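Chain and residue survey
Listed below are the residues making up each chain.
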Amino acid sequence: MSMQFSVLASGSTGNAIYVEAGEQAFLVDAGLSGKQMDKLFQQIDRDPAKLNGILVTHEHKDHIHGVGVMARKYNLPVYANERTWKVMDQQLGKLATDQKFIFEMETVKSFGGLEIESFGVSHDAVEPMFYIFRSGGKKLVLITDTGYVSDRMKGLISNADMYVFESNHDVQMLRMGRYPWNIKRRILSDVGHVSNEDAALAMCDVIGDQTKRIYLAHLSLDNNMKDLARMSVKQTLESKDMPIGDQFELFDTDPYTPTVLTAV
Ligand SMILES: [Zn+2]
Ligand SMILES: [Zn+2]
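Below or above, wherever it landed, is the structure these notes cover. (Residues numbered from 1 in each chain as written. Chains lettered and ligands numbered in written order. Predicted model: local features only at pLDDT ≥ 70, side-chain atom pairs only at ≥ 80, totals over all residues. Heavy atoms only, no water.)

**Some thoughts on the sheet that holds strand 4 (residues 53-55)**
Strand order in this open sheet of 7 strands is 6-5-4-3-2-1-14, and the pairing throughout is mixed. Strands with a single pairing partner mark the edges of an open sheet, and in this sheet they are strand 6 (100-102) and strand 14 (262-263). Pairing of strand 1 (residues 3-9) with strand 2 (residues 16-21) involves 6 bridges; the strand directions are antiparallel. Within the sheet, the bridge partner assigned to Met3 lies in strand 2 and is Ala21. (Pairing = 2+ DSSP bridges. Helix = DSSP H or I, 4+ residues; strand = E, 2+ residues; numbered from the N terminus.)

Have a look at this one:
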């Protein structure tokens, strides 16, 4: 069963990623309003009523803003780990008990021929995690909202066919920018967000002979630009003798426009 996916929206204004394989369809996070989420689904010509569930990564608003609304409107199951449920339950509003499912960190769930594995990231939420999708021998890795990429994470996410990889900020732009120092320190910390350069260094360690596409995601509106992120990642990869274009390509994501639905 081949997978298809689209990064519906990416960035601190709201995140959502759509993944389908055969009859299975999942949304990872729904960080925009219900209305905006509906519009994004229209743009990729898919019906949110056909989702099998929403997988939540962590409780930050840019990841859960539309989860409650969508779950109620389309009667969808919502998955998150127990600690995340504790802190987000109130924020989602009223959901039926049989809509709430536990998906613990470092576990695997199977839905038809689609396998979904969760893994922990380093971020200032109670128990943040991201997801790896496997189907038909292919592997799709989603990883954003992490201050760094540990060796453990690298082991789990290595040699995927496609990545949605955080490339949050340019360190120089962040340092020079208008953010107050405590916010800058948070972003730069081990539980903040990964910079363009650190993302590229981590990519060097995980890209394998299967890797074809890398989507740069969760770009900061204030401290990054698409061209800068792409150039910075490209340069770092080239300096490690991993040129773009031979085997794999870089792609942009956008806060408001979905990426083209693509087969993994
Ligand atoms: Zn976050
Ligand atoms: Zn985020």
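Additional details are given in the paragraphs that follow.
**Observations concerning the coordination of the zinc ion (ligand 2)**
The zinc ion (ligand 2) binds to the protein through Asp62 (OD), His63 (NE2), Asp145 (OD) and His218 (NE2), with metal-donor distances spanning 2.1 to 2.2 Å. Each of the 4 donor atoms bound to the zinc ion (ligand 2) contributes to angles spanning 92 to 164 degrees, and the resulting shape is irregular. Within one chain, the residues donating to the zinc ion (ligand 2) are spaced in sequence as D-H-x81-D-x72-H. A distance of 3.4 Å spans the gap from the zinc ion (ligand 2) to the zinc ion (ligand 1), which Asp145 bridges by coordinating each metal. Remark: Asp145 occurs in the loop between strand 10 (138-143) and helix 5 (151-157) and Asp62 occurs in helix 2 (residues 61-64); sequence separation between them is 83 residues. Looking at Asp62, the relative accessible area reads 13%, which means it is buried. Judged by its relative accessible area of 1%, Asp145 falls in the buried class. (Donors = N, O, S within 2.8 Å, 3.2 Å for Na, K, Ca; no water. Tetrahedral: all angles 85-135°; square planar, octahedral: opposite > 155°, others 65-115°. Buried < 20%, exposed > 50% of the residue type's maximum accessible area, 1.4 Å probe, protein only.)

**Focus on the coordination of the zinc ion (ligand 1)**
For the zinc ion (ligand 1), every protein donor is listed as His58 (NE2), His60 (ND1), His123 (NE2) and Asp145 (OD), and the spread of their distances is 2.2 to 2.5 Å. Between the 4 donor atoms coordinating the zinc ion (ligand 1), the angles at the centre fall across 89 to 175 degrees, so the site counts as irregular. Look at where the donors of the zinc ion (ligand 1) fall in the sequence and you get H-x1-H-x62-H-x21-D. By relative accessible area, His123 is classed as buried at 5%.

**Focus: helix 8 (residues 196-206)**
The set of residues buried in helix 8 consists of Asn196, Ala199, Ala200, Ala202, Met203, Cys204 and Val206. Tucked inside the fold, the buried residues of helix 8 contact helix 5, strand 11 (162-166), strand 12 (213-217) and helix 9 (226-239). (Contact = heavy atoms within 4.5 Å.)

**Description of the sheet that holds strand 7 (residues 108-111)**
Here 7 strands make up an open sheet; going across it, the order is 7-8-9-10-11-12-13 and the pairing mixed. Edge positions in the sheet fall to strand 7 and strand 13 (249-252), since each has one partner strand and no second. For this sheet, the mean angle separating the axes of adjacent strands, direction not counted, is 20 degrees. Bridge analysis of strand 8 (residues 114-120) against strand 9 (residues 129-135) gives 6 bridges, and the strand direction is antiparallel. By the bridge assignment for strand 9, Glu117 is matched with Ile132. Of the strands in this sheet, strand 11 and strand 12 are in contact with helix 8, which crosses strand 11 at around 155 degrees. In the packing of helix 9 onto the sheet, contacts are made with strand 12 and strand 13, and the angle to strand 13 comes to roughly 160 degrees. (Axes fitted to C-alpha atoms, helices over the stretch in contact; angles between N-to-C directions.)

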